[in-house]
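Understanding the architecture of this molecule
For reference, the chains in residue letters:
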Amino acid sequence: MALPENAQALPAKRRLVTSPDSALVSRPDRREGGSSYDIETWKKSDVPALVALEQLWAPWLRKSQADFLYIADHFPDVQRIARPKTDPDTVAGQTTVIQINWGGPEKDDFTTWDKITGGPDGSVKNSNFSETFRRDGNTYVLTAATVDPTIRIHGERLAPQLVTSVVDMASRDPNILYVISAFRPSDLGKYEQEHGPIDFDKYVKMQRGDGELHDTWLRGVTNLGMIPIRTIKDSMRVTATREEFEGYKRDYHRELWKPITEDRRTWLCGETGTWQIVGDPHNPDPNAVYAEYKEDNLLGLVYSKQPSSH
Ligand SMILES: CC(C)(COP(=O)(O)OP(=O)(O)OC[C@H]1O[C@@H](n2cnc3c(N)ncnc32)[C@H](O)[C@@H]1OP(=O)(O)O)[C@@H](O)C(=O)NCCC(=O)NCCS
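Quick caveat, the model's predicted, so the values are computed rather than measured.

A short note on unusual backbone geometry
Most peptide bonds take the trans configuration, and most residues that are not glycine carry a negative phi. Look at Phe-129: it is not a glycine, yet its phi comes out positive at around 70°. Residue placement: Phe-129 occurs in the loop between helix H3 (113-117) and strand E4 (139-147). With 24 C-beta atoms packed within 10 Å, Phe-129 lands in the buried category. Despite not being glycine, Asp-234 shows a phi value in the positive range, around 45°. Mapped onto the elements, Asp-234 comes out in strand E6 (residues 227-240). The class for Asp-234 is partly exposed, based on 14 C-beta atoms found within 10 Å.

In structure tokens:
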């Protein structure tokens, strides 16, 4: 399959799955006796547990309970949840999916995470897919994956199991040609805390000593055959009033906040993106936009039913 010229070369271990019959499982499976989880679709009764899991995210990146309810009500069949077999009332992880029309790698017309998920103010805080979900779409877009760290079991590979489940679903549906995502690296914030700001494109290619990618989430999906297509600049944006911004800084992991410019207007916050103060601190309007969070994402192709052109 021909990729766009600007496709990024990552050390993918496996290549793209191009046949619906191809098994997606990629790496040696350390599990014995199969998975300890059942991967199922969402139910409305799962929403409290999904909202609880969402608390793992920074407050400005959390989907609201109302949006979870709307998605569980209108598009439950493509969402995935993982329940421990031994404790099926618990939610160990989830992935959220939206169905859209996409031009494919050659006619890539993906915009940004915000525009695809369709929040009215263009932010993750208000994104219930109501405006942008297309039942006749040819592509599943993974919009989030979360695994409860307290239930993480070394070697269980729950996140890859969730992604594999979405790919299985895509391979069974003749209308679905692709599974893609605007991937947000899971460890970029932590890396920048320790080593200072790094160029996004450089970070996503960074490898550990064993040749595997440094970033946990990108490593997991790369080992499932994800092919990077391009960087999406400012894929996610969130704005905040002065009170909200100061509240985030005060209440959300205070130790993670670091100014990285001399004027103290650009801040690391432990997340994939950074905050920029764009407003005037003396503006008396309490609703004025004071700060803006922006992050880049990596557009990647996880599955394609299109035949290879090579
Ligand atoms: C990124 C994320 C989804 C990965 O989920 P996961 O189920 O832990 O993924 P994996 O099972 O593939 O494990 C990833 C790595 O952590 C290791 N790991 C898993 N559980 C572990 C544990 N208890 N202790 C130490 N290492 C552990 C795995 O061995 C693997 O490392 P390896 O590739 O060197 O073998 C999860 O960490 C998460 O929810 N992060 C926060 C949200 C996020 O960033 N989501 C992605 C963007 S939407």
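Some points on the nonpolar core
One broad rule of soluble globular proteins: the nonpolar side chains tend to lie buried together. Formed by 70 residues in total, the largest nonpolar core has its most connected members in Val-163, Val-166, Val-179 and Val-302. Lining this core are residues from two domains, each supplying at least three of them: domain 1 (15-234 + 296-304) and domain 2 (240-293).

Points about the site of the ligand
Inspection of the region around the ligand gives 19 residues, with Val-147, Leu-158, Ala-159, Ser-186 and Trp-217 positioned closest. Sorting the residues of the shell around the ligand by element identifies E4, helix H4 (158-172) and helix H7 (216-222) as the ones contributing at least two each. Of the residues contributing to the shell around the ligand, the split by class is eight nonpolar, six polar and five charged.

Structural notes on the pairing of strand E3 (residues 93-100)
Burial analysis of E3 places eight of its eight residues in the buried class, which makes it a mostly covered element. Judged by which residues are buried, E3 turns out to be covered on both faces: Gly-93, Thr-95, Val-97 and Gln-99 on one side and Gln-94, Thr-96, Ile-98 and Ile-100 on the other are all buried. When strand E2 (residues 80-84) meets E3, the two strands line up antiparallel, connected through three bridges. Bridge assignment links Ala-82 to a residue of E3, and that residue is Gly-93.

Thresholds, definitions, all that
Throughout, a residue's number is its position along its own chain's written sequence, starting from 1. Owing to the predicted nature of the model, reporting of local features is limited to residues with pLDDT of at least 70; listing and counting of side-chain atom pairs is limited to 80 or more, with chain, interface and lining totals taken over all residues. What counts as a helix is a DSSP run of H or I of at least four residues, what counts as a strand is a run of E of at least two, and both are numbered from the N terminus. Neighbour counting defines burial: a residue surrounded by 20 or more other C-beta atoms within 10 Å of its own C-beta is buried, one with 12 or fewer is exposed, and intermediate counts give partly exposed, using backbone-placed C-beta atoms. Here, a nonpolar core means buried Ala, Val, Leu, Ile, Met, Phe, Trp, Tyr and Cys residues linked by C-beta atoms lying within 7 Å of one another. As used throughout, domain bounds are those supplied by an automatic or database domain assignment. We count a residue as near a molecule or strand when its backbone-placed C-beta atom lies within 6 Å of that partner. When residues are sorted by character, Ala, Val, Leu, Ile, Met, Phe, Trp, Tyr, Cys and Pro go into the nonpolar class, Asp, Glu, Lys and Arg into the charged class, and all the rest, Gly among them, into the polar class. Two strands qualify as a pair provided that DSSP identifies no fewer than 2 bridges between them.

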